[in-house]
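Fold and contact review
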Amino acid sequence: MATKSLQKRESELASTQRQLEILSNGIFQSGELPTFANKIKETNQFPLTPKKVEILQINVGYMCNQVCSHCHVDAGPDRKEIMTRETMQQCLDVIEKTGAHTLDLTGGAPEMNPHFRWFVEEASKIGVKDFIVRSNLTIIRANKKYHDLPEFFKKHNVHVVSSMPHWTRGKTDKQRGDGVFDKSIKALQELNAVGYGMPDSDLRLDLVYNPSGAFLPGDQVAMEKDFKKALFDDFGIQFHNLFAITNLPISRFLDYLIASENYEDYMYSLVEAFNPSAVANVMCTNTISVSWDGWLYDCDFNQMLDLKVASKVKHISEYNEEDLSKRNIIISQHCYGCTAGAGSSCQGTVA
Amino acid sequence: MDKSYYNPRDLKKFGSITEWSEELGNKFFEYYGKVFEEGALTPREKSLIALAVAHTEQCPYCIDAYSQDGLQRGITKEEMMEAIHVGAAIKSGATLVHGVQMMNKVNKLEM
């Protein structure tokens, strides 16, 4: 398993331009498969336009303690992009005036940003309805300075959303690295111990499942049932909901698809599973994604492809919801990942 | 004509069998879809049965389809392999239980 980011390895796929070329060439250029734009034209859903902003998703940096093989961020210990306190202040100014009900902090491992705790304290004072931190779990066990994170999250009523690709050690460690499963289990037990994920608790703990390979996620409800039973029977762990997320063919997952000769078959699966009703609720229609350096994107995936919003307003410093609401959402063939089957978003299925 | 009897891409064309016999083809696919819905058995259990039968029938298309289906349902490699052993055990059992027929025949014929 790789221990360095594509960027550090100087892989050609570290170039967003190259990724976009791959997604537009081959089977899509030859017409063997329809482009995403042509596909949504068939159902009169082109151009894709936003609804009201409900979720502000802020990526506070690409640094991470893990190097997961499917990571769409190409995150890892060698990534140095970290949101500054000044940019965080600009985000706080926006959080105060936005109509969005959900604040969603992601990364990398957001906890590794040195200003993370200050940012959470300040943001929680503003009183967002749903304040999410996407935690990879192992960070809680990675270093003594993170051991009190469960208490810190509780103090600020943070909604914890954590990745867990499977309820078995083998599948989890293959995707996320050796030892990740055991550390994740310990972290979940610690979150449960302070009240997270318990049946009637207001301290929300949700898990994210994404397939560990070139296949689509199964039914979210059935997977949740299996996860709940296995984690409770084997480890006494409880959690609230499972979000099943499809891997999008970008960055390290695209690298894996090409290297394992699964790219074409995977794109076929995504296109065959295209669901127009998922298009109607796809997350870019109610989300604004902010990068570590303050640029605005339709979603975290477009951020990683460096496709900034097609709006007069492109940076958090000039954030204006009315201007943003008039934009068209930028699409490419990776978008098929969010519209396959029951759809996929950072909050799980959408259709 | 293809030089090989089996082409993985042909699985995607399975639906085209309705073109030369629409009513029967549609009836089959409707039945097939219904069989795999949740019933007294879960779709997960049905997927494992399908995988085992795919092997006893030695259908490469079905093996591709139900290996992938199993992964999508979170079925582990160990569960998949055990299911195949169930199929293999029944196959070999079915062969060996005919040994009784052979013994009966031999016993009848021999003095």
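Conventions and cut-offs
Residues numbered from 1 in each chain as written. Chains lettered and ligands numbered in written order. Predicted model: local features only at pLDDT ≥ 70, side-chain atom pairs only at ≥ 80, totals over all residues. Helix = DSSP H or I, 4+ residues; strand = E, 2+ residues; numbered from the N terminus. Rg over C-alpha atoms; globule rule 2.2 N^0.38 Å. Contact = placed C-beta atoms within 7 Å. Nonpolar A, V, L, I, M, F, W, Y, C, P; charged D, E, K, R; others polar. UniProt positions renumbered as here; feature names shortened; annotations may be inferred. Core = buried A, V, L, I, M, F, W, Y, C linked by C-beta atoms within 7 Å. Buried ≥ 20, exposed ≤ 12 C-beta atoms within 10 Å, placed from the backbone. Axes fitted to C-alpha atoms, helices over the stretch in contact; angles between N-to-C directions. Parallel < 35°, antiparallel > 145°, perpendicular 65-115°, else oblique. Left-handed = near helix turned anticlockwise from the far one by under 90°. pLDDT = per-residue confidence, 0-100. Pairing = 2+ DSSP bridges. Right-handed = clockwise from strand over helix to strand, strands pointing away.

Chain B appears in an unreviewed UniProt entry as Carboxymuconolactone decarboxylase-like domain-containing protein from Kordia algicida OT-1.

So, about the overall build of chain A. Within chain A, the regular secondary structure consists of 14 helices and 8 strands. For 351 residues, the compact-globule formula gives about 20 Å, and the C-alpha radius of gyration of chain A, at 19 Å, lands near that figure. Along the first, second and third principal axes, the C-alpha atoms of chain A reach 55 × 45 × 40 Å. By sequence separation, contacts in chain A at least 24 residues apart represent 74% of the contacts at least 6 residues apart.

In this assembly, 11 residues from chain A lie in contact with 7 residues from chain B. Among the residues forming the side of chain A that touches chain B, the class breakdown is 6 nonpolar, 4 polar and 1 charged.

The next point concerns the UniProt feature "domain: Carboxymuconolactone decarboxylase-like" (unreviewed entry) in chain B. In the numbering used here, UniProt assigns the feature "domain: Carboxymuconolactone decarboxylase-like" (unreviewed entry) to residues 23-101 of chain B. End-to-end, the C-alpha atoms of residues 23-101 of chain B are 43 Å apart, and along that stretch the chain is 82% helix and 0% strand.

Turning our attention to the nonpolar core. All names here are of chain A. If you look at the biggest cluster of nonpolar residues, it comprises 108 residues, and the most contacted ones within it are V160 and Y209. Of all the elements, helix α8 (residues 180-193) adds the most residues to this core, at 6 residues. Aside from chain neighbours lying at most four places away, what touches Y209 is M164, P165, P217, M223, F227, L242, F243, A244 and I245.

Here the focus is the packing of helix α2 (residues 43-56) of chain B against helix α4 (residues 77-109) of chain B. Relative orientation and spacing of two packed helices are given, respectively, by the angle between their axes and the distance between those axes. Residue and element names in this part refer to chain B. Closest axis-to-axis distance for the α2/α4 pair is 8 Å, and the angle between their directions is 50°. As summarised for this structure, α2 and α4 are arranged oblique, according to the angle between their axes. For the element pair α2 and α4, the recorded crossing hand is right-handed. Side by side, α2 and α4 meet where L48, L51, A52, V53, H55 and T56 of the first sit next to E79, M80, A83, I84, V86, G87 and K91 of the second. Residues belonging to the contact of α2 with α4 are distributed by class as follows: 8 nonpolar, 3 polar and 2 charged.

Taken as a whole, chain B shows an average pLDDT of 95; of its residues, 98% reach a score of 70 or greater. Among the prediction metrics, the complex's ipTM stands at 0.77, with pTM recorded as 0.91.

Residues and elements named next belong to chain A. Strand order in the open sheet made by the 8 strands is β6-β5-β4-β3-β2-β1-β7-β8, with mixed pairing throughout. With partners counted over all chains shown, the strands left at the sheet margins are β6 (242-244) and β8 (296-297), one partner each. Bridging between strand β4 (residues 159-163) and strand β5 (residues 205-209) involves 4 bridges; their strand directions are parallel. Bridge pairing links S163 to V208 in β5.

It is worth spelling out the pairing of strand β2 (residues 102-106) of chain A at this point. All names here are of chain A. By the criterion of burial, β2 is predominantly enclosed, with 4 of the 5 residues buried. Pairing geometry for strand β1 (residues 55-59) and β2, over 5 bridges, is parallel. Pairing of I58 across the sheet is with L105, part of β2. Following the chain from β1 across helix α3 (residues 85-97) to the adjacent parallel β2, one finds a crossover that is right-handed. Where the polypeptide runs from β2 across helix α4 (residues 116-126) and back to strand β3 (residues 130-135), its parallel neighbour, the crossover connection is right-handed.

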